[in-house]
Amino acid sequence: MRVAVVSDIHSNLHALEAVLAAIDAEPPDELWCLGDIVGYGPRPNECCAAIAERADVCLAGNHDLAVRGAIDLAEFGGEAGVAARWTREVLEPEAQEFLHGSARDPVWEYVLSDQVAFVTIALANVPLVLVGHSHVALQIVLANDEVEGGVAPAGTEVELDGVQALLNPGAVGQPRDNDPRAAYLLLDLDSWRASFRRVEYDVARTQREMRDAGLPELLAARLELGL
Ligand code: ZN
């Protein structure tokens, strides 16, 4: 089975559409979403609709939980809080229903760091753990009691056969690893290989929509830098 994995879309519709188009060029069997569909960006309703239509599995991220009221917005400082409040106001009933009903609550995905999650997989003895949240594409492999890996730039290929691995696909809609292109991950669960991909999208268009919506300038400016 081939699976495309996306995470941290953050209401960036143009980034999501670019990723979905790239995925469709070689359609996988399933699409999995690790959460944070909304927050920060200007198009929450359209991103929820696209993920509701396309994803076979969808976790709820901390921004999704905040917008639907499951996390106190007081926990969101600065620009994240401003954007979460704006998202609450503009979120339409269908998108609210999707975030409430279909996006599954994570057990620990959003509360722990990648390092703690990695210890968790080592203890849990599962072959593969997928996490989002940090907006940094990451591959960490545990083989013969040795830990290897780190940041996973575009084109990184990981052999998963016979090892335990923790992978973060990076962010579709707000990358923070100095590469502003939208990130996603392809998994081949027959040959046990993972492939980290990046795709260009119209950053300026998303930035314009954010400025038009009155979202914080810092959130718009960071998109072109991948920070
Ligand atoms: Zn996020």
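Above: the structure in question.
Please read all numbers here as calculations on a predicted model, not as lab measurements.

Digging into unusual backbone geometry
Piece 1. Located in the positive-phi region is Asp 8, a residue other than glycine, with phi close to 50 degrees.
Piece 2. Summarising the element assignment, Asp 8 is placed in the loop between β1 (2-6) and α1 (13-24).
Piece 3. Of note in this structure, Asn 178 is not a glycine but carries a positive phi near 70 degrees.
Piece 4. Secondary-structure assignment places Asn 178 in the loop between β8 (164-168) and β9 (182-188).
Piece 5. Judged by its relative accessible area of 59%, Asn 178 is exposed.

Thoughts on the coordination of the zinc ion
Piece 1. Protein ligation of the zinc ion involves Asp 8 (OD), His 10 (NE2), Asp 36 (OD) and His 135 (NE2), the donor distances falling in the range 2.0 to 2.3 Å.
Piece 2. Considering all four donor atoms around the zinc ion, the spread of angles at the metal, 89 to 173 degrees, places the coordination shape in the irregular class.
Piece 3. Of note, the donors binding the zinc ion are all from one chain and are spaced D-x1-H-x25-D-x98-H. Of this pair, His 10 sits in the loop between β1 and α1 while Asp 36 is found in the loop between β2 (30-33) and α2 (44-54), placing the two residues 26 residues apart along the sequence.
Piece 4. Judged by relative accessible area, which is 3%, Asp 36 ranks as buried.

Topic: α2
Piece 1. For α2, every residue scored as buried is listed here: Pro 44, Asn 45, Cys 47, Cys 48, Ala 50 and Ile 51.
Piece 2. Contacts from the buried residues of α2 go to β1, α1, β2, β3 (57-58), α4 (78-90) and α5 (93-101).

Regarding the sheet that holds β8
Piece 1. Reading across from one edge, β4-β8-β5-β6 is the order of the four strands in this open sheet, with mixed pairing throughout. Of all strands in the sheet, those bounded by a partner on one side alone are β4 (128-130) and β6 (146-151). Direction aside, neighbouring strands of the sheet carry axes that sit 10 degrees apart on average.
Piece 2. For strand β5 (residues 138-143) and β6, the ladder comprises six bridges, and the chain directions are antiparallel. From the neighbouring strand, Leu 142 faces β6, where its bridge partner is Val 147.

Comments concerning the pairing of β2
Piece 1. Here four bridges tie β1 to β2, and the two strands are oriented parallel to one another. Considered in β2, the bridge of Val 6 is made with Cys 33.
Piece 2. Remark: the β1/α1/β2 crossover connection has right-handed handedness.
Piece 3. The pairing of β2 with β3 spans two bridges and is parallel. From the neighbouring strand, Trp 32 faces β3, where its bridge partner is Val 57.
Piece 4. Once the chain exits β2 it traverses α2 before rejoining the sheet at β3, and the crossover so formed is right-handed.

Quick notes on helix α7 (residues 203-213)
Piece 1. Buried residues of α7: Val 203, Thr 206, Gln 207, Glu 209 and Met 210, and no others. Along the axis of α7, the buried positions cluster into a sector of 160 degrees, meaning they face one direction only.
Piece 2. Considering only its buried residues, α7 is in contact with α1 and α8 (217-223).
Piece 3. Positive phi shows up at Gly 214, right after α7, with a value of about 80 degrees.

Quick look at the pattern of salt bridges
Piece 1. Across all of its chains, the model carries 10 salt bridges by this definition.
Piece 2. Close ionic contact of Arg 43 with Glu 46 constitutes a salt bridge, the shortest N to O distance being 3.2 Å.
Piece 3. Close ionic contact of Asp 179 with Arg 181 constitutes a salt bridge, the shortest N to O distance being 3.0 Å.
Piece 4. Judged by its relative accessible area of 28%, Arg 181 falls in the partly exposed class.
Piece 5. Put simply, Asp 177, Asp 179, Arg 181 and Arg 198 are held in one network by salt bridges that share partners.

The rules behind these values
Residues numbered from 1 in each chain as written. Predicted model: local features only at pLDDT ≥ 70, side-chain atom pairs only at ≥ 80, totals over all residues. Heavy atoms only, no water. Helix = DSSP H or I, 4+ residues; strand = E, 2+ residues; numbered from the N terminus. Buried < 20%, exposed > 50% of the residue type's maximum accessible area, 1.4 Å probe, protein only. Donors = N, O, S within 2.8 Å, 3.2 Å for Na, K, Ca; no water. Tetrahedral: all angles 85-135°; square planar, octahedral: opposite > 155°, others 65-115°. Contact = heavy atoms within 4.5 Å. Pairing = 2+ DSSP bridges. Axes fitted to C-alpha atoms, helices over the stretch in contact; angles between N-to-C directions. Right-handed = clockwise from strand over helix to strand, strands pointing away. Arc of directions from axis to C-beta. Salt bridge = Lys/Arg side-chain N within 4 Å of Asp/Glu carboxyl O.

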